[in-house]
Amino acid sequence: MRWAEALRRGGRAAGWLLGLAALALVAQQAWSRRAQWLPLWQRLDAADLALTLALCLAMQLAFALAWHLFARGRWEPDQLYPDLLRWGQSLPGKYLPGKIWQGVARSALYAQERRPALTFVLFVREQLLSLGISAAIAAAAAPAALSPQLGSAMQAALLAFAVAVSVAALWRRLPAALAARLPAPLAGWNQGLPERGVLARVWLLQLLAYAAMCAAFAVLVSGFGLRIDWLQAAAALCLAGLAGVLAVLVPAGLGVREAGLFWCLAPLVGAGNAAMLALAWRVAITAGEAAFALAGFALGALRRR
């Protein structure tokens, strides 16, 4: 137990250090080239910021609606509002660190209604479905930093990954021998998956969430007066997001997402602008998450009264 606890603490510390180091590198790139992008901030107005934040909030709302439908198996008006609140209340778990803690928080929030293991399994399935959509969007355009051959190979790999994680998310029943070998939190893998028609609606809501996210980034880019092909921007955003999720030790992909976005955008808009955009997007999406989470806690407290 001592070794396990030491590894958890060490992994948490390593995740924070890795994320902060990557974030510092992007910040250094932005600061050293500030003469390139500082004039662009004069073009950004309140309407651009408000629309960006509104779209970030719409993204969280679409994800929360998808979770309600996924967890309940159908629309349940009496449970819709509580599920939206719980979605918001689980968001800070991403920063503890890693996406897995959001699943732990979600399990605790539903502990009085169902076995925590079942909620955690649904969370994992939901995340796999989301990763599949993100990978498919990321495969739409190869990063400009890669050669045509490497770019095509990456696109093929991302498509294969999208198919693999989507199949895993939708696989209704694992063989009994395999299911028995799963860790305790995943022991209910063969339980609770909604019907296929419901899964299609969940997928569409998640796709809508990603569309809102890409639109928010497009508004931010346009507000700065920069021009990036919308497909390349969406692919870069989702590729950076995948890198952040797969860096499981890093809280909410902090730094890793920014480094990935910087790498994708630098050949398109210059290193200084790319670093500035990566940092501005982190502020925007975190503000959206914080606002949704704050609303979840505040409205949840009022509801308990």
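See the structure above.
Residues numbered from 1 in each chain as written. Predicted model: local features only at pLDDT ≥ 70, side-chain atom pairs only at ≥ 80, totals over all residues. Heavy atoms only, no water.

Colleague: So what exactly am I meant to see when it comes to the overall build of the chain here?
Modeller: Helix and strand content of the chain: 12 helices and 0 strands. Secondary structure of the chain in N-to-C order comes out as α-α-α-α-α-α-α-α-α-α-α-α. Over its C-alpha atoms the chain spans a radius of gyration of 20 Å, differing by no more than 12% from the 19 Å that the globule rule assigns to 305 residues. For the chain, with 305 residues in total, the buried portion stands at 48%. Considering only contacts within the chain whose residues lie at least 6 apart along the sequence, 75% involve residues at least 24 apart. Considering the chain, the positive charge centre built from 27 side chains and the negative charge centre built from 12 side chains are found 8 Å apart. (Helix = DSSP H or I, 4+ residues; strand = E, 2+ residues; numbered from the N terminus. Rg over C-alpha atoms; globule rule 2.2 N^0.38 Å. Buried < 20%, exposed > 50% of the residue type's maximum accessible area, 1.4 Å probe, protein only. Contact = heavy atoms within 4.5 Å. Lys, Arg positive; Asp, Glu negative; His and termini not counted. Charge placed at Lys NZ, Arg CZ, Asp CG, Glu CD.)

Colleague: Whenever I open this one, a nonpolar patch on the surface confuses me. Can you help?
Modeller: Together, Tyr 81, Leu 299 and Leu 302 give the surface a local cluster of nonpolar side chains, amounting to about 280 Å² of exposed area. Structurally, Tyr 81 is set in helix 4 (residues 77-90). (Patch = residues over 30% accessible without salt bridge, like charges linked within 9 Å, V, L, I, M, F, W, Y side chains within 5 Å. Areas by Shrake-Rupley, 256 points an atom, 1.4 Å probe, with all protein chains shown as cover. Salt bridge = Lys/Arg side-chain N within 4 Å of Asp/Glu carboxyl O.)

Colleague: Where do I start with the pattern of salt bridges in this structure?
Modeller: It is possible for side chains bearing opposite charge to pair when their charged atoms get close. Applying the stated criterion across every chain yields a total of 5 salt bridges. With its nearest N and O atoms 3.2 Å apart, the salt bridge here joins Arg 74 to Glu 76. By relative accessible area, which is 52% here, Arg 74 ends up exposed. For Asp 83, the salt bridge goes to Arg 86, with nearest N and O atoms at 3.7 Å. With Asp 83 and Arg 86 both in helix 4 and 3 residues apart, the pair spans about one turn of that helix. The network of salt bridges with shared partners includes Arg 72, Asp 83 and Arg 86.

Colleague: Any chance you could explain the nonpolar core here in plain terms?
Modeller: For soluble globular proteins, nonpolar side chains are generally found buried alongside one another. In this structure, Met 213, Phe 217, Phe 224, Leu 261, Leu 265, Leu 277 and Trp 281 are the most contacted members of the largest nonpolar core, which totals 82 residues. Apart from the residues within four sequence positions on either side, Leu 265 is in contact with Phe 217, Ile 228, Ala 236, Gly 270, Ala 274 and Leu 277. (Core = buried A, V, L, I, M, F, W, Y, C linked by side-chain atoms within 4.5 Å.)

Colleague: Which parts of the structure should I look at to understand the environment of Ala 54?
Modeller: Mapped onto the secondary structure, Ala 54 falls in helix 3 (residues 46-72). For the pair Ala 54 and Ala 216, spaced 162 residues apart in the sequence, the C-alpha separation amounts to 8.1 Å.

Colleague: Looking at this structure, how should I read the side chain of Ser 166?
Modeller: Considering the arrangement of structural elements, one finds Ser 166 in helix 7 (residues 148-170). Within the local environment of Ser 166, its side chain forms a polar contact with the backbone oxygen of Ala 162, the two atoms lying 2.7 Å apart. Setting aside chain neighbours within four positions, we find Ser 166 in contact with Leu 128 and Gly 132. (Polar contact = N/O pair within 3.5 Å; in protein donor to acceptor, adjacent residues only side chain to side chain.)

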